[in-house]
Protein chains: 2
Amino acid sequence: MCGGIGSRFWPYSRTDRPKQFIDFLGTGRSLLQMSYDRILPIIPKENIFVVTNAVYADVVKEQLPDITDDRILLEPARRNTAPCIAWATYHIAAIDSEASIMFCPSDHLITREREFEQSIVKGFEFIENNDALLTLGIKPTRPETGYGYIQIGQPVNDNIMKVKTFTEKPNRELAQVFIDSGEFFWNSGIFLWSARAITDALRTHVPDLANVFDKGDGVFGTADERRFIEENFPGCMSISIDFAVMEKASNVYVECVTFGWSDLGTWSSLRDNSPKNSDGNVTQNCEVLSYNSSGNIFAIKGRKLVAVNGLKNYVVADSDDVLLICPLEEEQHIRQIVNDAKLRYGEKYL
Amino acid sequence: MCGGIGSRFWPYSRTDRPKQFIDFLGTGRSLLQMSYDRILPIIPKENIFVVTNAVYADVVKEQLPDITDDRILLEPARRNTAPCIAWATYHIAAIDSEASIMFCPSDHLITREREFEQSIVKGFEFIENNDALLTLGIKPTRPETGYGYIQIGQPVNDNIMKVKTFTEKPNRELAQVFIDSGEFFWNSGIFLWSARAITDALRTHVPDLANVFDKGDGVFGTADERRFIEENFPGCMSISIDFAVMEKASNVYVECVTFGWSDLGTWSSLRDNSPKNSDGNVTQNCEVLSYNSSGNIFAIKGRKLVAVNGLKNYVVADSDDVLLICPLEEEQHIRQIVNDAKLRYGEKYL
């Protein structure tokens with residue numbers, strides 16, 4: 001899944017090239033490419049599909065030249081994860097109705113890839129033998145307030161458990177209670193299930209949505225699919241798969257994993273997951289001369305020298321026509337800045 | 001005089017287009033053009049000369065198309081104000097040995113231009129009737145530590161006095177004492193004198209320098225002048241006219257004036273002399289969305305949107321390949337940053 005617009009990383013991430021298409025960690029590969037590289041040892045290349053927004057067709061093809069056009073699903077509108085997952089499921093089921101599917105975001109960081117591989121293999125084993133919707137839960141390492149938390153219930157085996165509850169973005173005190181209890185894991189947004197299990201769940205819990213795609217019976221995988229999607233996808237409700245299915249279904253399980261993970265959802269998490277310069281700053285695409293300045297992240301499009309004095313724990317993001325300077329502590333405010341920029345200047349700076 | 005490199009305004013001012021060539025006040029005219037406009041009502045156009053560094057020949061011609069090539073004196077090297085003034089004096093004296101001359105910097109701000117005109121007219125009257133080196137002294141309005149101060153002595157008439165002492169950049173306490181005394185005026189760097197008086201003074205107080213130009217007797221104003229200057233100017237000592245002549249000569253007078261003046265020598269003075277947005281920030285060439293941010297100056301090359309949160313009293317200066325962020329209180333540190341950039345990257349970012 002790589003259709004997001006990455007507005008939290010504005011203006012380094014712009015609507016024409018959002019976060020997943022950027023070499024955010026300076027590895028020489030974009031987050032999408034890193035995600036592709038990560039699953040290539042597990043999933044046969046021809047079974048890897050990309051779901052993205054139609055406007056990103058070219059950048060996906062440019063970044064993943066091995067993915068043939070028939071494996072790129074182009075959403076004509078942004079409708080959150082449930083419609084995205086529904087379409088991809090119906091598309092894949094038309095190829096193989098017995099398919100097991102992993103859905104994963106393309107803009108996350110995973111550091112211990114061997115552990116990741118083992119976790120995925122084990123997860124596939126589980127969903128192939130159980131009518132189960134499986135989500136990967138990350139053992140939390142700090143009382144992060146930006147993530148969703150999964151409470152575990154009855155164990156099925158040593159690290160797969162029934163899910164008891166989902167809680168979105170708790171406050172700090174609650175997050176600390178969650179961690180102390182040992183019962184809560186971060187919701188990674190990585191899902192494994194059979195095509196049949198998720199289709200059943202969609203029909204049960206979001207029948208309006210499932211209906212849209214059931215109407216398309218026979219078109220998936222044919223030349224008519226494109227037109228069908230263009231006509232019907234935009235009418236789907238915009239809803240996340242967590243809200244639409246995971247929080248309602250009774251056959252939801254969590255595999256508790258420990259591979260190093262971050263959703264890289266905030267500048268702070270990006271800073272925390274990036275190598276620091278000797279001065280304690282993180283730089284993306286720039287040289288820094290710093291004086292009495294640390295804990296900052298400088299993300300600059302087009303190589304640049306940044307000379308900075310007396311700045312601590314800020315994000316400084318610069319693109320061709322926008323410069324953002326904001327304390328990392330207030331980065332949740334960036335969303336409002338983007339809205340204000342839109343109100344005042346239209347699409348110009350988005 | 002417009003040969004400076006404006007390093008205090010780096011990186012908004014770069015060596016290829018320093019401060020005097022920039023529309024620093026957003027008026028649509030560069031500081032050089034504003035200086036030209038200001039003296040045009042006082043000095044016949046054909047008597048206005050520009051002394052600059054050879055590398056700025058094109059930008060001077062572009063910005064002042066009315067100044068013919070024979071009135072642009074191109075220094076082959078940067079040698080501070082004394083050699084600059086010496087050459088221009090010898091050049092003008094070859095045209096008219098009885099000339100009265102005003103020397104003025106091209107990068108200062110003067111707000112009350114009618115008062116300026118009256119002061120200059122009165123100053124010319126004085127130096128035409130007295131063997132005098134006249135400098136314009138500005139009545140100080142605050143204990144500025146970045147300026148030179150002139151102590152007045154015996155009055156000649158109601159606002160022209162003998163000069164008693166010069167003091168460069170006093171500390172804050174001393175500056176306050178100066179102001180309280182009523183005897184001290186800011187040294188504006190605007191001088192009036194006859195060609196004869198300044199030539200005499202140069203010969204008396206910096207004979208080595210005067211010698212260089214005396215050797216050129218007969219070449220000034222001829223086709224040979226250019227070659228003579230290229231051969232001899234670089235060998236001149238680099239020294240200011242204040243240090244070379246004004247602090248030594250006995251016939252130095254000051255005209256005490258009150259036209260609004262700033263040398264625009266610092267980002268802070270530029271901020272203080274520029275119109276503020278409703279949020280209390282000064283913007284050069286950019287739109288600003290500001291939150292909890294005031295007292296800043298944003299100087300951006302190439303129009304840009306600046307979105308800023310939680311920043312107070314900083315200079316943010318951005319050019320194609322350099323971004324500077326520095327508290328205005330520490331702007332004297334910019335010189336060191338420029339030096340560090342030069343040490344580490346050579347001329348690339350200057």
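(A) Looking closely at the overall build of chain A. Counting secondary structure elements, chain A contains 11 helices and 14 strands. Radius of gyration (C-alpha) of chain A: 21 Å, near the 20 Å computed for a compact globule of 350 residues. Along the first, second and third principal axes, the C-alpha atoms of chain A reach 60 × 50 × 40 Å. Looking at chain A alone, contacts between residues at least 24 apart form 63% of all its contacts between residues at least 6 apart.

(B) Molecular detail of the environment of B:Lys122. Residues and elements named next belong to chain B. Relative to the assigned elements, Lys122 resides in helix H4 (residues 113-129). Classification of Lys122 by relative accessible area gives partly exposed; the value is 27%. Spatially, the C-alpha atom of Lys122 lies 8.9 Å from that of Glu255, the residues being 133 residues apart in sequence. With residues near it in sequence (within four places) discarded, Lys122 still touches Asp158, Asn159 and Glu255. In this structure the side chain of Lys122 is engaged in a polar contact, spanning 3.2 Å, whose partner is the side chain of Asp158.

(C) Spotlight on the relation of the copies chain A and chain B. Once chain A is rotated about the relating axis by 179 degrees and shifted along it by 0.0 Å, it coincides with chain B to within an RMSD of 0.1 Å. Overall, the copies show the geometry of a two-fold rotation axis. By residue overlap, the copies meet face to face through one surface: 100% of the interface positions of chain A are interface positions in chain B.

(D) Geometry of the side chain of A:Asn296. Secondary-structure assignment places A:Asn296 in the loop between strand S11 (282-291) and strand S12 (297-309). When neighbours within four sequence positions are excluded, A:Asn296 is seen to be in contact with A:Arg271, A:Gly280, A:Asn281, A:Val282, A:Leu311, A:Lys312, A:Asn313 and A:Tyr314.

(E) Focus on the pairing of strand S6 (residues 149-155) of chain B. Residues and elements named next belong to chain B. One ladder, built from three bridges, connects S6 with strand S8 (residues 184-194); its direction is antiparallel. Bridged to Ile150 within S8 is Phe185. From the end of S6 to the start of strand S7 (residues 160-167), which pair antiparallel, there are four residues.

(F) Up close: helix H8 (residues 225-232) of chain A. All names here are of chain A. Among the residues making up H8, those that are buried are Glu225, Phe228, Ile229 and Asn232. Along the axis of H8, the buried residues cluster in a sector spanning 95 degrees; they form a single face. Taken together, the buried residues of H8 touch strand S2 (72-75), helix H3 (81-95) and helix H7 (207-214).

(G) Structural context of the interface of chain A and chain B. Of the residues lining the interface, 36 residues belong to chain A; the matching set on chain B comes to 36 residues. Across the chain A to chain B interface the summed buried area is about 2,900 Å²; carbon plus sulfur atoms make up 59%. Counting the surface chain A buries against chain B, the share from its top three residues, A:Leu305, A:Asn309 and A:Leu323, is 23%. Linking chain A with chain B are two salt bridges. A salt bridge links B:Asp318 to A:Lys304; the shortest N-O distance between them is 2.6 Å.

(H) How the structure looks around the environment of B:Met246. Residues and elements named next belong to chain B. Considering the arrangement of structural elements, one finds Met246 in helix H9 (residues 241-246). Accessibility expressed as a relative area gives 1% for Met246, which makes it buried. Separated by 88 residues in the primary sequence, Met246 and Asp158 place their C-alpha atoms 22 Å from one another. If near-sequence neighbours (up to four positions away) are discounted, Met246 is found in contact with Leu133, Thr135, Phe166, Phe191, Trp193, Ile241 and Val252.

(I) Focus on unusual backbone geometry. Residue and element names in this part refer to chain A. With an omega dihedral of 5 degrees, the bond running from Trp10 to Pro11 counts as a cis peptide bond. If you trace the backbone, Pro11 turns up in the segment before helix H1 (31-39). Look at Asn80: it is not a glycine, yet its phi comes out positive at around 65 degrees. Take Asn80: it is sitting in the loop between S2 and H3. Using a relative accessible area of 42% as the deciding quantity, one classes Asn80 as partly exposed.

(J) Focus on the packing of aromatic side chains. Residue and element names in this part refer to chain A. Counted according to the given criterion, the structure contains 42 aromatic pairs over all chains. When the centroid spacing of 5.6 Å and the interplanar angle of 35 degrees are considered together, the rings of Tyr90 and Phe213 count as tilted. A residue pair is termed long-range when its members are at least 10 positions apart, and Tyr90 in helix H3 and Phe213 in helix H7 qualify at 123 residues. Judged by relative accessible area, which is 9%, Tyr90 ranks as buried. What links up through ring pairs into an aromatic cluster is the set Phe9, Tyr12, Phe24 and Trp267. Cation over ring: Lys162 sits above Tyr253, and NZ or CZ is 5.1 Å from the ring centre.

(K) Local environment of the packing of H3(A) against H7(A). Residue and element names in this part refer to chain A. Between H3 and H7, the least distance of the axes is 10 Å, while the angle of their chain directions is 35 degrees. Where H3 crosses over H7, the handedness of that crossing is right-handed. Each of Ala82, Pro83, Ala86, Trp87 and Tyr90 in H3 lies in contact with H7, whose residues at this interface are Leu209, Ala210, Phe213 and Asp214. Its residues assigned to classes, the contact of H3 with H7 shows eight nonpolar, no polar and one charged.

(L) Structural view of the pairing of strand S8 (residues 184-194) of chain A. All names here are of chain A. Most of S8 sits out of view: 11 of its 11 residues are buried. Pairing of strand S3 (residues 100-103) with S8, which is carried by four bridges, proceeds in the antiparallel orientation. When the sheet's bridge partners are listed, Ser100 is paired in S8 with Ser194. When strand S5 (residues 133-138) meets S8, the two strands line up antiparallel, connected through four bridges. In the strand pairing of S8, Leu134 is matched with Leu192.

(M) Inspection of the pattern of salt bridges at higher detail. All names here are of chain A. Under the counting rule described, the total for this entry stands at 40 salt bridges over all chains. Residue Glu62 pairs with Arg17 through a salt bridge whose shortest N-O separation is 3.3 Å. Linking Glu62 in helix H2 (residues 57-63) with Arg17 in the segment before H1, this pair joins segments that are 45 residues apart in sequence. In this structure, Arg303 and Glu287 form a salt bridge, with 3.8 Å as the shortest nitrogen-oxygen distance. Here Glu287 lies in strand S11 and Arg303 lies in strand S12, a separation of 16 residues in the sequence. Judged by relative accessible area, which is 53%, Arg303 ranks as exposed. By relative accessible area, which is 31% here, Glu287 ends up partly exposed.

(N) Representation of the environment of A:Val212 within the structure. Residues and elements named next belong to chain A. If you trace the backbone, Val212 turns up in helix H7. Between the alpha carbons of Val212 and Ser238 there is a distance of 13 Å; along the sequence they are 26 residues apart. The contact partners of Val212, leaving out residues within four places of it in the chain, are Phe228, Asn232 and Cys236.

(O) Spatial organisation of the side chain of B:Gln284. All names here are of chain B. By secondary structure assignment, the location of Gln284 is in strand S11 (residues 282-291). Reaching out from Gln284, the side chain makes a polar contact with the backbone oxygen of Phe24 at a distance of 2.4 Å. In contact with Gln284, not counting residues within four places along its chain, are Tyr12, Asp23, Phe24, Leu25, Leu270, Ser274, Ile297, Phe298, Ala299 and Ile300.

Cut-offs and rules
- Residues numbered from 1 in each chain as written.
- Chains lettered and ligands numbered in written order.
- Predicted model: local features only at pLDDT ≥ 70, side-chain atom pairs only at ≥ 80, totals over all residues.
- Heavy atoms only, no water.
- Helix = DSSP H or I, 4+ residues; strand = E, 2+ residues; numbered from the N terminus.
- Rg over C-alpha atoms; globule rule 2.2 N^0.38 Å.
- Contact = heavy atoms within 4.5 Å.
- Buried < 20%, exposed > 50% of the residue type's maximum accessible area, 1.4 Å probe, protein only.
- Polar contact = N/O pair within 3.5 Å; in protein donor to acceptor, adjacent residues only side chain to side chain.
- Least-squares fit on C-alpha atoms with pLDDT ≥ 70 in both.
- Pairing = 2+ DSSP bridges.
- Arc of directions from axis to C-beta.
- Buried area = accessible area lost by both parts, 1.4 Å probe.
- Salt bridge = Lys/Arg side-chain N within 4 Å of Asp/Glu carboxyl O.
- Phe/Tyr/Trp six-rings, centres within 6.5 Å; stacked < 30°, edge-to-face > 60°.
- Lys NZ or Arg CZ within 6 Å of the ring centre and 35° of its normal.
- Axes fitted to C-alpha atoms, helices over the stretch in contact; angles between N-to-C directions.
- Left-handed = near helix turned anticlockwise from the far one by under 90°.
- Nonpolar A, V, L, I, M, F, W, Y, C, P; charged D, E, K, R; others polar.

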